[in-house]
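One-letter residues, chain by chain:
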Amino acid sequence: MRLYAVVAAGGFRRYATYRVATFAGVFTNTVFGFIMAYTYTALWDERPHLGGYDVSQAVTYVWLGQALLMTNAMLGGGFEDELMERIRTGDIAVDLYRPADLQLWWLAGDLGRAAFHLLGRGIVPMVLGALAFDLALPSSAWTWLAFLVSVALGVVVSFAVRFLVALSAFWLLDGAGAMQMAWLAGLFFSGMLLPLNLFPGLLGEVASVLPWSSLLQVPADVFLGTYQGGDLLGAYAFQAGWAVALLLAGRLLQSVATRRVVVQGG
C-alpha cells in the first residue's frame, strides 16, 4: 500500500506544478459559477422550491458543481488520455508486466489528482460564491465530514467509469469517441446541467440510479442535509455499490486485455 500512497502523492504534486492552468481554471469556474447562480436565482424566483430546494440551496448546488467539476473529471483531464495513448502505442505491455496492479496504480494517481483539484480549484470558487450569495452552508462539522466521504466515493466511481472506457482502446482503433460519449453522459446524468430531481418522470428515476449521479447529485444532497441517518447510509451504499461493481468490471476487462497482450506478445 505504501507504493500506491507514493503514487497518489505524486499525482497531487504533478497537478500542483501547473499553477497557471490552476489559476485559469479557478477563474473559469468562478465566472461560470456566477452565470449559473444568477440563472438559477431567476428560475427559482419564478418557481420557488423547485425540485425541493429553496433559492439558497439551489445556488449552493451551483457552486458545489463548480467545485466538483474537475475533482470528478466530468470534462476529462484525468489519467484516461495517457492510458489510452499507452494502449495505442503498445507501452501498456510494460505496465502489465510491472510488479504493481494496473488498476490500483491509476486509481492512486487519480485520487491524488482529485485531491489537488478539490483544494486547488474547489475552495476558492466556493468561498467567492459564499461572499456573493447566501449559501446554505452546513453548521455541523459532521455534515462537512459526511460530504467529504461522499465526494471520495464519487471520485472512485468517476475513476471506475473512465478506466472502463479507457480500456476499450484495446479493441477500438481510437477510444477518444467512447470517452467523449462518457463525458457527455457524465455531465448530463451527474446533475451538472440541472439537478436530477428536476428531471421529469421516468427520466428522473433512471438518471437517479445511474452511476453518474454519485459524482454530484448525491454529494450535493449530503451537503444540503437531504440525507440523514439511515438515508445517509443508503446514499453511501449506493455510491459504494457502483464503485465496487464498476471496479470489478474494470478488473475483469483488464484481465481479458492482459491475456490478449500476452497471446500477441507470445
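What follows covers helix 2 (residues 19–46). In a regular helix each residue adds 1.5 Å, so 28 residues correspond to 40 Å; helix 2 covers 41 Å between its end C-alpha atoms and thus fits that length. On its buried face, helix 2 is in contact with helix 1 (2–16), helix 3 (55–68) and helix 6 (102–132).

The next subject is the confidence of the model for the protein. Low-pLDDT stretches of the model should not have their predicted coordinates read in fine detail. Looking at the protein, pLDDT values average 90 and 97% of them are 70 or higher. Confidence, expressed as mean pLDDT per element, reaches its minimum in the protein at helix 5 (residues 92–96) with 81 and its maximum at helix 10 (residues 217–223) with 96.

If you look at the biggest cluster of nonpolar residues, it comprises 67 residues, and the most contacted ones within it are Met74, Leu83 and Phe163. The element that contributes the greatest number of residues to this core is helix 7 (residues 141–167), accounting for 14 residues. When near neighbours in sequence (up to four residues on either side) are disregarded, Phe163 contacts Phe79, Leu83, Leu102, Gln103, Trp106, Gly250 and Gln254.

By convention here, two paired aromatic rings are described through the distance between centres and the angle between planes. The full count for this structure, using the stated rule, is 18 aromatic pairs. Judged by centre distance (5.3 Å) and plane angle (20°), the rings of Tyr40 and Trp44 are stacked. Remark: Trp44 and Tyr40 occur in helix 2; sequence separation between them is 4 residues, near one turn of the helix. Each member of the pair, Tyr40 as well as Trp44, carries the same accessibility label: buried. Connected via pairs of aromatic rings, a cluster forms that spans Phe34, Tyr38, Trp63 and Phe133.

A few words on the packing of helix 1 against helix 6. Across the interface, helix 1 lies against helix 6 with an axial gap of 7 Å and an inter-helix angle of 40°. With respect to each other, helix 1 and helix 6 are oriented oblique. When the axes of helix 1 and helix 6 are compared, the crossing they make is right-handed. Counting all contacts with helix 1, which are made through Leu3, Tyr4, Val7, Ala8, Gly11, Phe12, Tyr15 and Ala16, the residues of helix 6 involved are Leu104, Trp105, Ala108, Gly109, Gly112, Arg113, Ala115, Phe116, His117 and Leu119. The class makeup of the residues in the contact of helix 1 with helix 6 is 13 nonpolar, 4 polar and 1 charged.

Moving on to the side chain of Asp101. Within the fold, Asp101 resides in the loop between helix 5 and helix 6. Look at Asp101 and you get buried, because its relative accessible area is 19%. A polar contact is formed between the side chain of Asp101 and the backbone nitrogen of Gln103, at a distance of 3.1 Å. In contact with Asp101, other than residues within four places in its own chain, are Tyr4, Arg251 and Gln254.

This next bit is on the environment of Arg2. Counting through the fold element by element, Arg2 comes out in helix 1. The exposed category is assigned to Arg2, whose relative accessible area is 73%. Taking the C-alpha atoms as reference, Arg2 lies 23 Å from Val151; in sequence the two are 149 residues apart.

Let us look at the pattern of salt bridges. Taken as a whole and judged by the stated rule, the model has 7 salt bridges. In this structure, Glu85 engages Arg88 in a salt bridge whose closest nitrogen and oxygen atoms are separated by 2.7 Å. In this pair, Glu85 and Arg88 are both assigned in helix 4 (residues 80–89), 3 residues apart and thus about one turn of the helix distant. Judged by relative accessible area, Glu85 falls into the partly exposed class, the value being 36%. Classification of Arg88 by relative accessible area gives exposed; the value is 57%. Across the pair Asp101 and Arg251 runs a salt bridge, and its minimum N-O distance is 2.7 Å. Of this pair, Asp101 sits in the loop between helix 5 and helix 6 while Arg251 sits in helix 11 (residues 230–265), placing them 150 residues apart in sequence. Using a relative accessible area of 30% as the deciding quantity, one classes Arg251 as partly exposed. A single salt-bridge network, built from bridges that share partners, covers Glu80, Asp110, Arg113 and Arg162.

Cut-offs and rules
Residues numbered from 1 in each chain as written. Predicted model: local features only at pLDDT ≥ 70, side-chain atom pairs only at ≥ 80, totals over all residues. Heavy atoms only, no water. Helix = DSSP H or I, 4+ residues; strand = E, 2+ residues; numbered from the N terminus. Expected span 1.5 Å × (residues − 1). Contact = heavy atoms within 4.5 Å. pLDDT = per-residue confidence, 0-100. Core = buried A, V, L, I, M, F, W, Y, C linked by side-chain atoms within 4.5 Å. Buried < 20%, exposed > 50% of the residue type's maximum accessible area, 1.4 Å probe, protein only. Phe/Tyr/Trp six-rings, centres within 6.5 Å; stacked < 30°, edge-to-face > 60°. Axes fitted to C-alpha atoms, helices over the stretch in contact; angles between N-to-C directions. Parallel < 35°, antiparallel > 145°, perpendicular 65-115°, else oblique. Left-handed = near helix turned anticlockwise from the far one by under 90°. Nonpolar A, V, L, I, M, F, W, Y, C, P; charged D, E, K, R; others polar. Polar contact = N/O pair within 3.5 Å; in protein donor to acceptor, adjacent residues only side chain to side chain. Salt bridge = Lys/Arg side-chain N within 4 Å of Asp/Glu carboxyl O.

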